[in-house]
Amino acid sequence: MTKRGRESEPEIKNMLVSSSEVTKRSETISWDDYFMSVAFLSSMRSKDPNTQVGACIVNDQKRIVGIGYNGFPRGCSDDELPWARHSESNNELDTKYPFVCHAEVNAILNKNSAGVEGCSLYVGLFPCNECAKIIIQSGIKEVVFLSDKYKNSNSMVASRKMMNMAKVIYRQHIPATDKVVICFPSIE
């Protein structure tokens, strides 16, 4: 440095040469892995003891416009409603099913934009028929899911039938890796 605080011409050239050798990081995750990871991170908020599902809605500019996870409706106590999958009394009201809002519905309702028309929805499980109706009505054009473990159930068959009729694209996401690790201290 000179007395005036300016670099000399050779120092500037050295700085330019060294900075041009720096390249961008290439080990980033794909967009699909990223958005599916956001859906899975959202699912960690679910209090369901059996199945935690998250959803992430993305517009065509790759911006997240809604996220959600499965749980009871706002104002309905997590301690007063049942979390059971089956009831000894065979009464459906003793199970979670009549009460739980699915992740897809919550993501659509939690949107931070005017609408979700033309967007893609990333979700852990293939959507049920009730969610498919809402997905179709909201104008979502694509569903990207990870698991299809209930594929042969009537609900999923009906879901596929409706999405096919409405020309909603659905595809199963195969992640590049089986885990994404978030390490908070790595920023230090």
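Residues numbered from 1 in each chain as written. Predicted model: local features only at pLDDT ≥ 70, side-chain atom pairs only at ≥ 80, totals over all residues. Heavy atoms only, no water.

Enquirer: Please clarify how the pattern of salt bridges should be interpreted in this entry.
Expert: Any two side chains of opposite charge can pair, given that their charged atoms come close. Following the criterion strictly, the structure yields six salt bridges and no others. Here Asp-78 ties to Lys-47 by a salt bridge, and the two come within 2.9 Å at their closest N and O atoms. Of the two residues, Asp-78 sits in the loop between strand E2 (64–69) and helix H3 (103–109) while Lys-47 sits in the loop between helix H2 (31–43) and strand E1 (54–58), which places them 31 residues apart along the sequence. A salt bridge links Arg-160 to Asp-148, with the nearest nitrogen and oxygen atoms 2.4 Å apart. With Arg-160 in helix H5 (residues 154–165) and Asp-148 in the loop between strand E4 (142–147) and H5, the pair connects residues that are twelve residues apart, well separated along the chain. One network of salt bridges, with partners in common, ties together Asp-32, Glu-142 and Arg-171. (Salt bridge = Lys/Arg side-chain N within 4 Å of Asp/Glu carboxyl O. Helix = DSSP H or I, 4+ residues; strand = E, 2+ residues; numbered from the N terminus.)

Enquirer: Just checking my understanding: could you explain the environment of Val-38 for this structure?
Expert: Tracing the backbone through its elements, the reader meets Val-38 in helix H2. Along the sequence, Val-38 and Ile-57 sit 19 residues apart, while their C-alpha atoms lie 9.8 Å from each other. Setting aside anything within four residues of it in sequence, one finds Val-38 in contact with Cys-56, Ile-64 and Ile-67. (Contact = heavy atoms within 4.5 Å.)

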